[in-house]
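# Per-entry structural report
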Amino acid sequence: MKGWIFLGAVVLVSTGWTAEQDEPQGSVVRVRAAIQPYDQFRPWQKKAPYGLNGTGVVLPGGRVLVTAALVANRTEVGLEKPGSAEKCAAEVEAIDFEANLAVLRPERAEFLKGFKGLTLGPALRAGDTAEVWQLERNGELLRSQAEILTVGVGRYPNDEAGFLQYGVRVSLPKRDDSYTLPLIRENQLVGMVMMYDRDSQEGTAIPGPMIDRFFQDAADGKYEGFPTLGVSWTPLRDPNLREEVKAPKSGGILVTRVNPRGTAGRAGLQEGDVILAVEGMKLDEDGNYRDPLYGPTAIGNLVRVRPTVGSKAKFLVSRGGKEMELTGTYDRRARDEVAIPTLSFDVQPSYLVVGGLVFQQLTGAYLQEWGDKWTERAPQRLVELFSFQQEKRPDPQKKVVFLSQVLPAAINLGYQHYSGLVLEKVNGKEIHSLAELAKVLDGLQEGNMIFEFMDDPGKLVLDAAEVKAKQEEIRKAYGIAELRRL
Amino acid sequence: MIWLLALAIGLPGCGKHAQLQEAKKNTVMVEVSSQVWDYRMPWNPGTVSSGRGAGFIVAGKKIITNAHVISGARNITVQREADPRRYPALVKYVAHDCDLAMLEVDDATFFKGTTHLDLGGIPELESVVSVYGFPIGGDRLSVTRGVVSRIDYNAYTHSGRESHLAIQIDAAINPGNSGGPVMQNDKVVGVAFQGFRGDVAQNVGYMIPTPVIRRFLRDVEDGRYDYYVDIAARWMPLENPAMRKYLGRPDDGRGVVVTDVFSEGSSDGHLQKGDVLLTIDGHPIESDGSVRLEGKPVQLEEIVERKFAGEVVVLEVWREGRAETVRVPLKPADMFSMYEVLYEPAPRYVLYGGLVFQPLTANLMAVLSGGADLRLKQKYTMFASDQLYKETPEPVILSAVLPDPSNVYLRGLAGQIVREINGKRIRTLQDVQPALAVNGGRTVIRFEGDARPAVLKREEVDRSTPRIMAQYGISEMSRTEVGQRRLAKGSLGGNEAK
């Protein structure tokens, strides 16, 4: 237990909790994932594979809990018993990239025999302490004491709107190449560390109640995910603004945009409404409700974690100074029914190559491929359509098909430097998906293929018969197994 | 080859001495104190800095230098190699778009012992040129020699958006060389003006060739500088056989196709998308967009570049299966002027309750840079290509919120694009004050996108104004006059900037 000595010095506050000196072994396994992301710039191939390790928590039903980040874009996942070479392949049973959680099921159920699954412990509050468990190479358990600094709604790696999270202070030695690590208190699972900064020795953890909610959803074998409201809002502290929107004396937030397909939009909320309460919980001017457990907590937790998809929603709003109650049903449509998906892990990018012109359907993953500065580096039209899609592409059926690059060949002479062009029409027919494009092109055996784009140069033309004659030649020249994946 | 090269360097050997004498007599050191406007605080006169460049005397007792040497000048002195005195000089004309300026010196004694330098032509590739100037490292005239390495279109970085013919030489052009003559065979063949900074490249310098200098001299003959004209249309090479067939053009390697025509530009109403340009002023256009001029291939824009506002370019156009002759009267592309870095004109702004409104300019973007949000950045980058100027000729930005107790809740709104004030659509800065004057107890400012509106109480603004002016040392609450600035007109909405 050398970790203890090292840790004693950094833990500033101890609530006097003493760990039961149970044998905690048999509650965690090492998880090894082989990762191979899709190559968004060469959608017909994958990138070089690499491995990721993390510590998984064994759950009572013979399942293992990890962060979704650990197993995103995996080719395979294996479990490894601490201190032994025994391995077992595992399958992902449920995964949520927004909540950053995944449940693994070992292929051989008997692999976890003898393991004592950890049950979920109670929610923590700021000031509580817990332990972070890591596995040493030799299978020994390394337990580091952690202090919960904050409990609040914050950004998750793949969810900007945010969920409840714990801010933790803990000194973690680097043992694996990921910080997927369980947060344990009194031998119960109370959270999952997902991000950690070695310099500040602070990290964030997914709280137990998030994990609980994830389990409950996954239990019936049909994972639905966390609902979303589908509104943009702004705090209402400014008395001048309150007066302008005829808000009552105190409380409430101002709705600045409503997605008509979302939970709030279908319940009848409008731009300019002041949301005073949700589910009978009053909101203050900053959008916080008083959580019975955590105290003032951001609305995100109230509308995304407490309800489930399909449960009833109840809003108290003030519209033009008149209070009214609006009801609806929580769902995810504002997230899922979009022209350009934000998340696309584990999803093969679709593409279609015609006469060397490579068309793709726009996704957040494609834009992310441009790196941290994607908003500056990616083609600006694509950035605009993605970032302001509620204004620019509100109809989820109208996917964005674009010319991503040109594989140079004699047939596309003069077109070879074009890229990032959004396709609008082919031979006069509007194109709203790659499948539609394929259908239109397949119907053209001869004559012109006239591609019309949103931006300069506006029009590119190929000869259909010539395209047909050259497809195989181009495919071979560039070593592409398939010229389309729709 | 060796002999030829030796000849090229050796022949002017005797002339070289004469050239050096002439250069010594007519190259001047230009020392400038300049003031740079601060777009963060547009009411401030800005910071003063000083710099040094070079210039040379041309016929008519005029001095040619770079625009960037004298931009924002508050005081200019010139000094010759043979005369220790410094003479005050004034800017007669400045052309920021081609980085040239003309100076005048009142004191006739300055010109005693000077002659003037004559302009030559475009030097041959691989021929040797001499660069005269006052670069860092000393105070006396410096001479370096270089070989002409490339003659091509290049960005003129001073303007921020222009490209013209430039000549690359392998002599380094350092600060202080700027504005100095580059000579060959006793004649000026260019004005040294820019190089590469840092580790990007070595021994690369650029000079402004004589066609650009001559154009400047001719432009100012009428007593003012009128800017370059722009055809304001985009075209693409017509290399693809299927595209040629589609447009009904034989495979003769000629013509380019018009892909965009900019509203308010020269070609607006004259050219159309899909037009195939076959000849320009009688010069056949190759399918890559080049024409032959004096036996050398140049981009077809060079024909336009050499013309002046009000002149016409004649195009033979293939439109809907027929050849037509189209005459395009040329004018500057005022609608793109937002991308021009501004030097002399004072920044325009309107202040209201600590809220600073400024028109979107290259200068403002430069100070906002990383801090600008995506919506603003996109507005800026797509302003020309999406012809956004039709709707908003001059987007107005809430560029800053000067902290005051009256605006504590508004600080997060800095950087937003103003859409309307008190229900009035804002298309240029000139719209701001009339909209603010609309009577009512409250002023409501709405922005593009889903930002919250800013709401100010008139009485609070009235109370806070003197306080804010005192606190931030502001003497004027607005500066809106457009002056000589060229702005987009905007074809929608009818709010015209005067």
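Here the structure is a predicted model, which is why all the values come from computation and not from measurement.

On to the overall build of chain A. Secondary structure assignment for chain A yields 13 helices and 28 strands. For chain A, the residues scored as buried account for 43% of the 486 residues in total. Expressed as a percentage of contacts within chain A between residues at least 6 apart in sequence, the contacts between residues at least 24 apart total 62%.

For chain B, the count of helices and strands is ten helices and 28 strands. Here the C-alpha atoms of chain B give a radius of gyration of 26 Å, agreeing with the 23 Å that 2.2 N^0.38 yields for 498 residues. Counting only C-alpha atoms, chain B reaches 85 × 70 × 45 Å along its principal axes. A burial count over chain B gives 42% of its 498 residues as buried. In chain B, of all internal contacts separated by at least 6 residues, the share reaching a separation of at least 24 is 63%.

With 26 residues of chain A at the contact, the number on the chain B side is 24 residues. Looking at the side of chain A that touches chain B, the elements with two or more residues in it are strand S13 (231-234), helix H4 (239-244), strand S14 (253-258), helix H10 (380-387) and strand S27 (459-463) of chain A. Looking at the side of chain A that touches chain B, its residues break down into seven nonpolar, eleven polar and eight charged.

Turning to the sheet that holds strand S21 (residues 349-352) of chain B, a few remarks are in order. Residue and element names in this part refer to chain B. Across the sheet, four strands lie side by side as S23-S22-S21-S28; this open sheet has antiparallel pairing. The strands lining the two open edges of the sheet, one partner per strand, are strand S23 (396-401) and strand S28 (478-479). In the sheet, S21 pairs with S28 via two bridges, with the strands oriented antiparallel. Note on S28: the bridge partner recorded for Tyr349 is Arg479.

Now for the nonpolar core. Of all hydrophobic cores here, the largest spans 263 residues; its most connected members are Val64 and Phe359 of chain A. If near-sequence neighbours (up to four positions away) are discounted, Phe359 of chain A is found in contact with Tyr351, Leu352, Val401, Phe402, Leu403, Ser404, Leu423, Leu434 and Leu437 of chain A.

A word on the sheet that holds strand S11 (residues 187-195) of chain B. All names here are of chain B. The strand order around the closed barrel formed by six strands is S7-S8-S9-S12-S11-S10, and the pairing between neighbours is antiparallel. Across the sheet, the axes of successive neighbouring strands diverge by a mean angle of 45 degrees, strand direction being ignored. In this structure, strand S7 (residues 128-133) lies alongside strand S8 (residues 142-155), joined through six bridges in antiparallel fashion. Paired with Gly133 across the bridge in S8 is Ser142. Helix H4 (residues 210-219) contacts strand S9 (163-169), S11 and strand S12 (205-209) of the sheet and is inclined by roughly 45 degrees relative to S12.

To continue, consider unusual backbone geometry. Residue and element names in this part refer to chain A. Residues Asp456 and Pro457 are joined by a peptide bond in cis, for which omega reads 15 degrees. Its location among the elements puts Pro457 in the loop between strand S26 (448-453) and S27. Even without a glycine there, the phi angle at Gln201 is positive, about 55 degrees. Among the structural elements, Gln201 can be located in the loop between strand S11 (188-197) and strand S12 (202-207).

Moving on, we get to H4 of chain B. For H4 of chain B, the full list of buried residues reads Thr210, Val212, Ile213, Arg215 and Phe216 of chain B. Looking at the buried positions of H4 of chain B, the neighbouring elements they touch are strand S3 (62-65), strand S5 (83-95), strand S6 (100-104), S9, S11 and S12 of chain B.

Let us look at the environment of Leu486 of chain A. All names here are of chain A. Tracing the backbone shows Leu486 in the segment after strand S28 (484-485). A C-alpha to C-alpha distance of 5.0 Å links Leu486 and Ser350, two positions 136 residues apart in sequence. When sequence neighbours within four positions are dropped, the list of residues in contact with Leu486 reads Ser350, Leu352, Leu434, Ala435 and Ala438.

To continue, consider the domain arrangement of chain B. All names here are of chain B. As assigned here, chain B comprises domain 1 (26-111), domain 2 (128-222), domain 3 (233-331) and domain 4 (336-479). Each of domain 2 and domain 3 has a C-alpha centre, and these two points are 31 Å apart. Taken together, the six residues of domain 2 in the interface contact five residues of domain 3. The set of elements that each furnish at least two residues to the side of domain 2 that touches domain 3 consists of S9 and H4. Counting residues per element, the side of domain 2 that touches domain 3 draws most heavily on H4, at three residues. Partitioning the side of domain 2 that touches domain 3 into residue classes produces three nonpolar, one polar and two charged.

This part covers helix H13 (residues 464-477) of chain A. With 14 residues, H13 of chain A should cover 20 Å at 1.5 Å per step; its first-to-last C-alpha distance of 20 Å lies within 8% of that length. Positive backbone phi, approximately 60 degrees, marks Gly479 of chain A, located one or two places after H13 of chain A.

Residues and elements named next belong to chain B. Both strand S26 (residues 442-447) and strand S27 (residues 454-457) contribute to a ladder of four bridges, which runs antiparallel. By the bridge assignment for S27, Thr443 is matched with Leu456. In this antiparallel pair of consecutive strands, S26 and S27, the connection spans six residues, and Gly449 shows a positive phi of 85 degrees.

In this section: the confidence of the model for chain B. Residue and element names in this part refer to chain B. On average, residues of chain B score 90 in pLDDT, and 94% of them are at 70 or above. The low-confidence segment residues 1-14 (pLDDT under 50) makes four contacts with residues lying over four places distant or belonging to another chain. Across residues 493-498, where pLDDT falls below 50, the model places 17 contacts with residues more than four positions away in sequence or in other chains. Confidence metrics for the complex model read pTM 0.89 and ipTM 0.88.

Attention now moves to the domain arrangement of chain A. Residues and elements named next belong to chain A. On domain assignment, one finds that chain A holds domain 1 (2-11 + 25-218), domain 2 (231-334) and domain 3 (351-485). Each of domain 1 and domain 3 has a C-alpha centre, and these two points are 40 Å apart. Each partner contributes residues to the interface: domain 1 has four residues there, and domain 3 has eight residues. Here the side of domain 1 that touches domain 3 is composed, by residue class, of three nonpolar, one polar and no charged.

So, about the environment of Arg332 of chain A. All names here are of chain A. Here Arg332 is to be found in the loop between strand S20 (322-329) and helix H7 (333-336). Distance from Arg332 to Gly225, taken between C-alpha atoms, is 7.8 Å for residues 107 residues apart in sequence. In contact with Arg332, not counting residues within four places along its chain, are Gly225, Pro227, Thr228 and Val309.

Further remarks concern the pairing of strand S8 (residues 141-156) of chain A. All names here are of chain A. Pairing of strand S7 (residues 129-135) with S8, which is carried by seven bridges, proceeds in the antiparallel orientation. For Gln134, the partnering residue across the bridge sits in S8 and is Leu142. Taken together, S7 and the strand that follows it, S8, pair antiparallel across an intervening segment of five residues, in which Gly139 is found at a positive phi of about 95 degrees. As paired strands, S8 and strand S9 (residues 159-169) are joined by eight bridges and run antiparallel to one another. Counterpart to Ile148 in the pairing with S9 is Val168. Once S8 ends, the chain turns through two residues before running back antiparallel as S9.

Conventions adopted
- Residues numbered from 1 in each chain as written.
- Chains lettered and ligands numbered in written order.
- Predicted model: local features only at pLDDT ≥ 70, side-chain atom pairs only at ≥ 80, totals over all residues.
- Helix = DSSP H or I, 4+ residues; strand = E, 2+ residues; numbered from the N terminus.
- Buried ≥ 20, exposed ≤ 12 C-beta atoms within 10 Å, placed from the backbone.
- Contact = placed C-beta atoms within 7 Å.
- Rg over C-alpha atoms; globule rule 2.2 N^0.38 Å.
- Nonpolar A, V, L, I, M, F, W, Y, C, P; charged D, E, K, R; others polar.
- Pairing = 2+ DSSP bridges.
- Core = buried A, V, L, I, M, F, W, Y, C linked by C-beta atoms within 7 Å.
- Axes fitted to C-alpha atoms, helices over the stretch in contact; angles between N-to-C directions.
- Domains from an automatic or database assignment.
- Expected span 1.5 Å × (residues − 1).
- pLDDT = per-residue confidence, 0-100.

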